[in-house]
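Listed below, chain by chain, are the residues.
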Amino acid sequence: MMRIGIDARSVYPGHGGIGTYARELVRALARCDQENQYFVLCSDRKGPEPIASAPNVTEISYPAAMLDWGWEQLQLPALAEELALDVLHLTCFGALIAKPCPVVSTIHDVVFRERPDLVEPRLAASLDRAASLAAREADHVITVSGYSREAIGRAYGTPRDRIAVTYGAPAADFHPRDRKEAERRVGERFGLGAGYLLYVGALEPKKNIDGLLDAFSQLQQHGFPNQVLVLAGGVGGMPYDLERAVRMRRLERSVHLPGYLADADLPWLYAGAAAFVYPSFYEGFGLPPLEALACGIPTIVSNTTSLPEVVGEAALLVSPERPEEMAEAMARVLDDRALAADLCRRGVEQARRFSWERAAGQTLEVYSLVAGLAGVS
Amino acid sequence: MQVLMVASEYPPAKVYGLGRAVHDLSRALVARGDEVHVLTNSIGGRDQEMVMEGVAVHRINYPGPPEPPDPTSCVVQFNLCLIERAYQLLPAVKSIDLVHAHDWLVGLASRSIARRLQLPLVTTIHDMAVGKHFGQLDRPQQYIAFTERWLTDESERVIACSDFIKGELVQHCGAEPAKVDVIPCGVDPAPLQLPVNLPAFRSVFCRPEERLLLYVGRLDREKGVEVLIRGFAALRPREARLRLVIVGEGQVRGQLQELVGGLGLAEVVTFLGYVAPPALGAVFQCAEMVVVPSLYEPFGMVALEAMAAGRPVIVSDAGGLRELIIDGETGLRVPAGDAEAITAAMSRLLDDQALAARLAAQGQERARGEFSWDRVAHLTRSCYARVLGDQPEGSR
């Protein structure tokens, strides 16, 4: 029996992809593993709902935000000792310098190294510090794609055999849904008619929202004047004036911004879309495209970083640098019903290859591996 | 021998000096072949029964303080929980030879359990209300002082952590000097010397070029941190690259931070808050010296930890520190409350690296020899043996 601590400070109302990763990992471990004892270390910003309810999962809340470097280095070692942990998993970069037990660290990506122009400088510095520490000091690193494993190796010289890859997966809520019901719900909830193009994710430069708006503008000018685009998500870590970007292109009437969505609304928003577009410059994994595939929605993604690995043959790939290519792909999916139907089928199949249970199993193997290392404590 | 330790805190819960001392003593006794049971506070309902490093830990089911918290009823309720738990354990622990209480907080329960089981009671006094508050006791403190005196009376033998505390027990609790054994706390150097990437760790709270002076301890009035801050302020004009790191929480933290601001030192004095091992060991390793400026000090655990970690120490001559540090050999000693003397001592160690290294080495040697937990366990066992009929250790 291992006593396993999982850092879930990234889970809070309005959290991003790293919070989803921590939450789904904890839930899957709670489903699959009744043997080990789990201590989920949460931020006091998290809501009252427990992440997972199981007899072997204890949630403990601390006044600490994610990437709080001082808390991590000075307080977390004592908590690990207090809880007599056999392994501690930092799920948002980072590692302990003074470590009382083996440490596993998830490095989600190294965008701040490879594309520093896309990350807010202070955030980039803090992520780089945490990731380089993790790459050196953690007993094992976990990352979320083969692409990220290579990138981490390039950035920090970490041996590839010290980096495990565990893919995320769409939550069970993401599956094909009744079209009519979806239309009714998005109509009621968001005042949208069916057939919109959809983007889901943080609204920041890294995601290439400018490129998406350019492509959408071209699409409107070339035969789709009444097409609607929905950008669902909150602001990201890097300042970006979205309203100005929309206004400059005179797209105020055709671009909808419903904001950050509740978990219950999101699957319906996918289900009502004609196509999903994800033109990101850089991803460590890229969960939203996988959610779209699972919902059976034709998907267009950029051909960079981890995205080809995630979507396989099930999506259209475009260059994020070329809006005209993106516009053309959108037009094809909107026009060609046979292509759209084929993408739907392939998407659902591709998404089935990913499961949080498998990720949990692989993560548990890493825990066992490092907990077996002698000489610590 | 089988011992039932009763203590208000015990790892892996968040513990302070007392919990760590009971933990280390229990492990060391087990290592010598004794059987140790620890009866202690709950940790959020978890791990009620646990065998840790050979020590059987039994936790009560204490619901926590009432709202609004009332100190006296908390103590009574806590002790009732301890008594109830001990009776639940009775069949399992019936071959116990003696009960060992740690401080006044568990006095009521320890004495009741010992009487019920018809066992001798040994009490360790780690700290005393009278000295800490310089004789000025409010009502709850009077209650504590009363319990200390009562517990001293009721115990077959009393263990004091220093000659200083023994003197206090004789003076304020009317203890027979012959009934009191002086046994120091021990120190375990291992967690203080965990291999750590020091440059990376230093970057958490200081710049690479800075020389680090360290205070660790509760931020309460009797710890004399104000004196240290004033002493540091006087040192600063001379040496620019200094940083004073203050580890700990307490009642006067706000006042100390105001003082630091008022002296224009906010940029070079860092308050880290509470830091526990193993990060604490790494903080020690980053420091060039450790200062213990107490106005009152029963023993001086932080000075001992600093010595064990191989850091030179400057201490005041309060209480147990007088016995712990040999001036000029295992550290520097200055009059308590004297900021100028602290400035001079810090200045001396900053200038004379050879002296600092010699004090550190000699301090470390003394900490590891005289204050090893093995030796402390041996002394404690001799005390037990005296209680159980004067057999010297080894004959049972």
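Think of each chain on its own: its residues are numbered from 1, step by step along the sequence as written. Ligands are numbered from 1 and chains lettered from A, in the order in which they are written. In keeping with the predicted nature of the model, local features appear solely for residues at pLDDT of at least 70, side-chain atom pairs appear and are counted solely at 80 or more, and the whole-chain, interface and lining totals rest on all residues.

Considering the environment of Gly363 of chain B
Residues and elements named next belong to chain B.
- Position of Gly363 among the secondary structure elements: in helix H14 (residues 353-370).
- Along the primary structure Gly363 and Ala306 are separated by 57 residues, whereas in three dimensions their C-alpha atoms are 8.6 Å apart.
- Placing C-beta atoms from the backbone, we regard two residues as in contact once those atoms come within 7 Å. With sequence-adjacent residues up to four places away left out, Gly363 is seen in contact with Met307, Pro312, Val313, Thr330 and Gly331. For the purposes of this entry, the term helix denotes a DSSP run of H or I that reaches at least four residues, the term strand denotes a run of E that reaches at least two, and both are numbered from the N terminus.

Re the pairing of strand E11 (residues 269-273) of chain B
Residue and element names in this part refer to chain B.
- Bridge count between strand E10 (residues 242-247) and E11: 4 bridges; the pairing is parallel. When the sheet's bridge partners are listed, Ile246 is paired in E11 with Phe271.
- Orient the strands so they point away from the viewer; a crossover is then right-handed if the path from the first strand over the helix to the second runs clockwise. A crossover links E10 with its parallel partner E11, the connecting element being helix H9 (residues 253-262), and its sense is right-handed. Strand pairing is assigned whenever DSSP detects at least two bridges linking the two strands.

A short note on H14 of chain B
All names here are of chain B.
- Under the convention used throughout, the expected extent of a helix is 1.5 Å for every residue step, that is, one less than its residue count. The terminal C-alpha atoms of H14, which comprises 18 residues, lie 26 Å apart, in line with the 26 Å expected from a rise of 1.5 Å per residue.
- Any residue whose C-beta has 12 or fewer other C-beta atoms within 10 Å is treated as exposed, any with 20 or more as buried, and any in between as partly exposed, C-beta atoms being built from the backbone. Within the sequence span of H14, burial applies to Leu359, Ala360, Gly363 and Ala367. Taken end-on, H14 shows its buried residues confined to a sector of 100°, consistent with a single buried face. In H14, those exposed residues whose orientation departs by more than 90 degrees from the buried face are Ala354 and Gly369.
- Buried-residue contacts for H14 involve helix H11 (301-308) and strand E13 (313-316). It is the directions from the helix axis to the C-beta atoms that the arc portrays.

What about the pairing of strand E8 (residues 196-200) of chain A?
Residue and element names in this part refer to chain A.
- In terms of burial, E8 is largely enclosed, as 5 of its 5 residues are buried.
- Along E8, one buried face is formed by Tyr196, Leu198 and Val200 and the opposite face, lined by Leu197 and Tyr199, is buried too.
- For E8 and strand E11 (residues 273-278), the ladder comprises 3 bridges, and the chain directions are parallel. Considered in E11, the bridge of Tyr196 is made with Ala273.
- With 4 bridges connecting them, E8 and strand E9 (residues 229-232) associate as parallel partners. Note on E9: the bridge partner recorded for Val200 is Ala232.
- Crossover E8 to E9 through helix H8 (residues 209-221) is right-handed.

Things to note about the domain arrangement of chain A
All names here are of chain A.
- Domain parsing of chain A yields domain 1 (3-169 + 356-371) and domain 2 (179-352).
- The set of elements that each furnish at least two residues to the side of domain 1 that touches domain 2 consists of helix H1 (17-32), helix H4 (111-114) and helix H6 (146-156).
- Element by element, the count of residues in the side of domain 1 that touches domain 2 is highest for H6, at 3 residues.
- Taken together, the residues of the side of domain 1 that touches domain 2 break down into 6 nonpolar, 10 polar and 4 charged. An automatic or database domain assignment is the source of the domain bounds shown. For this scheme, ten residues count as nonpolar: Ala, Val, Leu, Ile, Met, Phe, Trp, Tyr, Cys and Pro. Four count as charged, namely Asp, Glu, Lys and Arg, and the remainder, Gly too, count as polar.

Focus: the domain arrangement of chain B
All names here are of chain B.
- According to the domain assignment, chain B consists of domain 1 (2-186 + 372-387) and domain 2 (190-370).
- Taking the mean C-alpha position of each, domain 1 and domain 2 sit 29 Å from one another.
- Listed per partner, the contact involves 16 residues of domain 1 and 13 residues of domain 2.
- When contributions to the side of domain 1 that touches domain 2 are tallied by element, the ones reaching two or more residues are helix H4 (129-132) and helix H6 (163-173).
- When residues in the side of domain 1 that touches domain 2 are grouped by element, the largest group, 3 residues, is from H6.

Details of the environment of Met5 of chain B
Residues and elements named next belong to chain B.
- Within the element layout of this structure, Met5 appears in strand E1 (residues 2-6).
- Residue Met5 is classed as buried on the basis of its C-beta count, with 25 C-beta atoms lying within 10 Å.
- Discounting residues that sit within four places of it in the chain, Met5 has contacts with Val22, Ser26, Val36, His37, Val38, Leu39, His100 and His102.

Focus on the interface of chain A and chain B
- Counting from both sides, the interface comprises 16 residues of chain A and, opposite them, 18 residues of chain B.
- Those elements that place two or more of their residues in the side of chain A that touches chain B are helix H2 (69-74), helix H3 (76-82) and helix H5 (121-137) of chain A.
- For the side of chain A that touches chain B, the class distribution of residues is 10 nonpolar, 3 polar and 3 charged.

Describing the sheet that holds strand E5 (residues 103-106) of chain A
Residue and element names in this part refer to chain A.
- Strand order in the open sheet made by the 7 strands is E3-E2-E1-E4-E5-E6-E7, with parallel pairing throughout. The open sheet has two edge strands with one neighbour each: strand E3 (57-62) and strand E7 (163-165). The mean angle between the axes of side-by-side strands here comes to 20°, regardless of whether they run parallel or antiparallel.
- With 6 bridges joining them, strand E1 (residues 3-8) and strand E2 (residues 37-43) adopt parallel strand pairing. By the bridge assignment for E2, Gly5 is matched with Phe39.
- Here helix H15 (residues 356-371) sits on the sheet in contact with E1, strand E4 (87-90), E5, strand E6 (140-143) and E7, set at roughly 170° to E6. Axis definition: a line fit to C-alpha positions, over the contact stretch in the case of helices; interaxial angles, taken between N-to-C directions, run 0 to 180 degrees.

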